[in-house]
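Spelled out from the first residue to the last, the chains are:
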Amino acid sequence: MMEIYEKAIKPLLPKHFDENEWYIIAISLIVGVAVYYITVKNRKLTWSEIICISLFDLQLTTIGDYFLAMPPYDFYDTIDNGSGEIMDIFLQNLVYPGTLLFFMHVYKSKKPQKWFFIILCTSILGLLELISVSIFHLFTYKTWSIYYSVLFYCFVMIVNVLFYEKLTTYLKKRNGGDSPPAR
Amino acid sequence: MAIIFFMLLILSTLSLLSLWSLKKRFDPFEIFILFMFSSYWCQNFFYMLSSPYQRLRVVEEHLPFWSVRLQYGIIFPVLIMWVLFVLRSSHRLSLKILSCFAWVAGGVFIEKLLLLVGVLVSKSKSWYPSIDFVLAMIVLYCCIYVMEKLPPILRREMVLRNDGDL
């Protein structure tokens, strides 16, 4: 049993269970509740939109994080290890795509002006990263900087809005010009 | 290494173009969703579970990095799509099971090839492909599950109208 723990489970566990792990648990719970709210309690997006946006953002997260945070680029480290650990699963599969899905839910329901929405969401994501880095030490920057993160979030939001617009146009055409019902 | 990268790039391009042929049995929207899903699973499973361990890692250089991205991000998922294509056909059950085994075994074989050519490196005493077999079966099962669950959802929202869409 000890051998299984040492070889299989221990490499996935955090080095020290401290403020950044508690922070990830807290934001995972918040994002989880937000996703539950926008998919069950107050769903405005259709399931087709939810599935597409979620998969799109999961791809962005996978490509982005593995490109930026892994060698040979290795601009920053996440949490304690330079390699994957169990908390990365919550971050990459729930927190990042869940947050973006929530933003797109707001985009559909409130219908804000595009560029205002992009700038607002970029600012929120930048602020959340600043809090994550300075207070909870979630990321360790090597050759990275918060300004690069803001640029990256701006790119992500632009791409998400464009993708959503294309998706809704495509789904409307499939429905013969009507918006699909958000049942 | 450059030759391997360009070979994988050409294979990725050809395999993406081959997705068009799946329209015989899949709606284009289904193809998009299933491809994104399988690509995400292939990348995440093989990366997330290999990076904390020393058993199999990507060589820390640019061309091996992008070669592995092409392999797990495009080629493997497109091959899963073709397995799903066979599963949706009216071919014999034995052919369907063979296609599943071929994907699982082929994936491990390609990993071994990448290990031999120096794209991947193993820092453990030995590399046990049984773990990769299990991971590949989990990925394949999840893709088959989504393939079965997706059409009713899309039909309910009138994205797929009837079986004539296939």
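Structure first, text after, so check above.
Just so you know, these numbers come straight off a predicted model, no measurement behind them.

Secondary structure assignment for chain B yields five helices and two strands. Burial statistics for chain B: of 166 residues in total, 51% are counted as buried. In chain B, the proportion of contacts linking residues at least 24 apart, taken out of those at least 6 apart, comes to 80%. Summed over all atoms, the accessible surface of chain B reaches about 8300 Å², with 72% contributed by carbon and sulfur.

Residues and elements named next belong to chain B. Look at helix H3 (residues 62–87) against helix H5 (residues 129–156): their axes get within 11 Å of each other, and the N-to-C directions meet at 55°. Comparing their axes, H5 and H3 come out oblique. For the pair H3 and H5, the crossing hand works out as right-handed. For the pair formed by H3 and H5, the contact residues are Ile80, Val83, Leu84 and Leu87 on the first element and Val139, Leu140, Cys143, Ile144 and Met147 on the second. Taken together, the residues of the contact of H3 with H5 break down into nine nonpolar, no polar and no charged.

Our next topic: the side chain of asparagine 160 of chain A. Residue and element names in this part refer to chain A. Locating asparagine 160 in the fold gives a position in helix H6 (residues 146–174). Classification of asparagine 160 as buried rests on a relative accessible area of 2%. Leaving out residues up to four positions away in the same chain, asparagine 160 has contacts with Ile53, Phe56, Asp57, Leu60, Leu100 and Met104.

What follows covers helix H4 (residues 86–110) of chain A. All names here are of chain A. Taking 1.5 Å per residue as the helical rise, H4 with its 25 residues ought to reach 36 Å, and the 35 Å between its terminal C-alpha atoms agrees with that figure. Considering bend angle alone, the principal kink of H4 is centred on glutamine 92 and spans about 30°. The first or second residue beyond H4 is lysine 111, which carries a positive phi of 50°.

Turning our attention to the pattern of salt bridges. The tally for this structure, following the rule as stated, stands at four salt bridges over all chains. Among the ionic pairs, glutamate 49 of chain A bridges to lysine 108 of chain A, the shortest N-O distance being 3.1 Å. With a gap of 59 residues between them, glutamate 49 of chain A in helix H3 (residues 47–68) and lysine 108 of chain A in helix H4 connect regions that are remote in the sequence. Note on glutamate 49 of chain A: relative accessible area 2%, which makes it buried. A salt bridge links arginine 174 of chain A to aspartate 27 of chain B, with the shortest nitrogen-to-oxygen separation between them at 2.6 Å. Here aspartate 27 of chain B lies in the loop between helix H1 (2–18) and helix H2 (28–48) and arginine 174 of chain A lies in helix H6, a pairing that spans two chains.

Residues and elements named next belong to chain A. Even without a glycine there, the phi angle at histidine 137 is positive, about 50°. By the secondary structure assignment, histidine 137 is in the loop between helix H5 (114–134) and strand S2 (139–141). The class of histidine 137 is partly exposed, set by a relative accessible area of 41%.

Ranked by internal contacts, the top residues of the largest apolar core, which has 79 residues, are Leu84 and Trp103 of chain B. Top element by residues in this core is H3 of chain B. It accounts for 13 residues. Apart from the residues within four sequence positions on either side, leucine 84 of chain B is in contact with Phe26, Leu34, Cys143, Ile144 and Met147 of chain B. By size, the runner-up hydrophobic cluster in this structure holds 15 residues, among which are Tyr23, Val35, Ala69 and Phe139 of chain A.

Criteria and cut-off values
Residues numbered from 1 in each chain as written. Chains lettered and ligands numbered in written order. Predicted model: local features only at pLDDT ≥ 70, side-chain atom pairs only at ≥ 80, totals over all residues. Heavy atoms only, no water. Helix = DSSP H or I, 4+ residues; strand = E, 2+ residues; numbered from the N terminus. Buried < 20%, exposed > 50% of the residue type's maximum accessible area, 1.4 Å probe, protein only. Contact = heavy atoms within 4.5 Å. Areas by Shrake-Rupley, 256 points an atom, 1.4 Å probe, with all protein chains shown as cover. Axes fitted to C-alpha atoms, helices over the stretch in contact; angles between N-to-C directions. Parallel < 35°, antiparallel > 145°, perpendicular 65-115°, else oblique. Left-handed = near helix turned anticlockwise from the far one by under 90°. Nonpolar A, V, L, I, M, F, W, Y, C, P; charged D, E, K, R; others polar. Expected span 1.5 Å × (residues − 1). Bend = angle between axes of the 7 residues up to and from the residue. Salt bridge = Lys/Arg side-chain N within 4 Å of Asp/Glu carboxyl O. Core = buried A, V, L, I, M, F, W, Y, C linked by side-chain atoms within 4.5 Å.

That is the geometry; function is a separate question.
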